Amino acid sequence: MPASATEAAGSTHSARLNQVSKLFGSFAALRQVTVELEPGRCYVLIGENGAGKSTLLRILAGLLRPSFGTVKVFGGLDPHEARERIGYMSHAAMLYDELTAQENLRYFAALYPRRACMSPAEALRQVGLDPDLTRTLGQYSQGMRQRTSLARVLLPAPELLLLDEPFSNMDVESARQMVELLARFRQGNRTIIITTHQREMAAPIADWVLTLHAGRLASFEPGKPTL
Amino acid sequence: MTSALWTHLVKDLRIEWRSLDAIVSMLFFSGLVVVLFSLAFDPRGAFSQQIAGGVLCVATMFASVSALNQAWAREIRHQVLDAQRMAPAPGAELYLAKVIANFLFVTIVQVVLAPVFLVFYNLHILGQGWLLALVLPLGTWALVGNGTFFAALAIRSRNRELLLSLILFPIFIPALLAMVQATTDILTGESNPTLWIKLLAGYDIIFTTASLLLFDVVFHAE
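Right, let's walk through the structure included here. (Residues numbered from 1 in each chain as written. Chains lettered and ligands numbered in written order. Predicted model: local features only at pLDDT ≥ 70, side-chain atom pairs only at ≥ 80, totals over all residues.)

**Describing the overall build of chain A**
- Looking only at helices and strands, chain A has seven helices and nine strands in total.
- The C-alpha atoms of chain A give a radius of gyration of 17 Å, which matches the 17 Å a tight globule of 227 residues would have.
- Taking the principal axes of the C-alpha coordinates as reference, chain A spans close to 50 × 35 × 35 Å.
- A total of 227 residues make up chain A; the buried ones form 48% of that total.
- Contacts in chain A between residues far apart in sequence, at least 24 positions, make up 68% of those at least 6 positions apart. (Helix = DSSP H or I, 4+ residues; strand = E, 2+ residues; numbered from the N terminus. Rg over C-alpha atoms; globule rule 2.2 N^0.38 Å. Buried ≥ 20, exposed ≤ 12 C-beta atoms within 10 Å, placed from the backbone. Contact = placed C-beta atoms within 7 Å.)

Shown next as structure tokens:
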């Protein structure tokens, strides 16, 4: 939702970007993006390659700092300070090939001592994987790695979930299951942002659809969620 | 030892146990250096005692560069480092766990290499041999402590292997000199290595403290 509209309504926000620009050398990946994200909503971010979708997500995750403008999450915190409340899933797996899915998840759960993490086995079951698989992640298919990666992100129950191309390498049925899982996750008043080239896959949970074009926020339209 | 440090350490040891990437490459490389030097110099008697310390230290130093690079290469392979950066656990604990893991890997290589070294260089320890159990760990810690820090610094560079060597070796020179001198003193028994051991200990304390304090800046850099 554009910032002015929510300010008028006086609502709290999960994230607020104000005039955010990001430069890599002389290349502007983001240009004066202003947007406010409400809790309990799912935002689908679309745009062509190089539009700035991943950069926007990395800024929200606190992995990149904006060159200009401000980013605040959860009512005024810097994303870096609030990073344990944010889950970020990149298009890379962000997991170790040499470990099993359970070992990977146990490792990451141990890094969040203050969060009430669900058990690794439960997280794996939620994404439709068998927690007793003894194969290491290097032997998984791309779709299975993607699901394990989602399990890692869901593990500490983040309040702001950032998913970069979560449906890539997934078959239609797996993607549908993931969307249903995300719909349940959103019901806990959590905010989800999904970047995708497969808009139709995310459509059932899209409360809002944001379009980025050459680093600018070109449109901000309501979606037609069915879940 | 905090739980995050232990968690990182167990993970690194488990990955190395399954892949053996670092240890095997270090063993081959350092073994090759030891054998080639023995062929090139034909070490016998007193000459062997004089150069053995230097050869051992240089072999360890060059071999450990591959392990140091691999330690962080694993973290960036599938952007795992970003997941680490998102976690609330302090970066310094990740650094310290990697130093301990690398220290163990290099020590294993030194233990395996020692008999080969004694045979090829026909060595007889004329000084206080037990002091080697102090010198080698202190020198190894100096190498992997700095190496792990600078490998993290160089990790985003395209020429990270070259960059690590260019940064690490000049900074490691004081520790290398102390390690070589102390080892030579122990092997020849000609002088007391205490001063060099103190220098190594001081070097370790200063550089490990500085690395721990600065690591979060390197870790969270874009």
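And the narrative resumes.
**Overview of the interface of chain B and chain A**
- Taken together, the contact pairs 20 residues of chain B with 23 residues of chain A.
- Where the side of chain B that touches chain A is concerned, the elements lending two or more residues are α1 (3-19) and α4 (80-86) of chain B.
- By residue number, the principal contributor to the side of chain B that touches chain A is α1(B), which donates eight residues.
- For the side of chain B that touches chain A, the per-class residue count stands at eight nonpolar, five polar and seven charged. (Nonpolar A, V, L, I, M, F, W, Y, C, P; charged D, E, K, R; others polar.)

**Quick word on the nonpolar core**
- Judged by nonpolar contacts, the single largest core of 78 residues is most densely connected at Leu45(A), Leu60(A), Leu162(A) and Ile193(A).
- Core analysis: the second largest hydrophobic core is formed by 59 residues, Tyr95(B), Val109(B), Met179(B) and Ala182(B) among them. (Core = buried A, V, L, I, M, F, W, Y, C linked by C-beta atoms within 7 Å.)

**Description of helix α6 (residues 172-186) of chain A**
All names here are of chain A.
- Between its first and last C-alpha atoms α6 spans 21 Å; for 15 residues at 1.5 Å apiece the expected length is 21 Å, and the two agree.
- All of the buried residues in α6 are Ala175, Met178, Val179, Leu182, Phe185 and Arg186. All buried residues of α6 project into a common sector of 120° when viewed along the axis, lining one side. Across from the buried face of α6, at angles greater than 90 degrees, the exposed residues are Glu173 and Arg184.
- Here the buried face of α6 lies against β3 (42-46), α5 (142-154), β6 (160-164), β7 (191-195) and α7 (199-202). (Expected span 1.5 Å × (residues − 1). Arc of directions from axis to C-beta.)

**Brief notes about the sheet that holds strand β1 (residues 15-24) of chain A**
Residues and elements named next belong to chain A.
- Here we have three strands laid out as an open sheet, ordered β2-β1-β4, and antiparallel in their pairing. The strands lining the two open edges of the sheet, one partner per strand, are β2 (27-37) and β4 (68-73). Across the sheet, the mean angle from the axis of one strand to that of its neighbour is 20°, orientation sign disregarded. (Pairing = 2+ DSSP bridges. Axes fitted to C-alpha atoms, helices over the stretch in contact; angles between N-to-C directions.)

**Some words on helix α2 (residues 21-41) of chain B**
Residues and elements named next belong to chain B.
- Its 21 residues give α2 an end-to-end C-alpha distance of 31 Å, which sits within 8% of 30 Å, the value for a rise of 1.5 Å per residue.
- Listed as buried for α2 are Ala22, Met26, Ser30, Val34 and Ser38. Buried residues of α2, viewed axially, fall in a sector of 105°; they line one side. Exposed positions of α2 whose direction lies more than 90 degrees from the buried face are Leu36, Leu39 and Ala40.
- One or two steps after α2, the chain reaches Asp42, where phi turns positive at roughly 45°.

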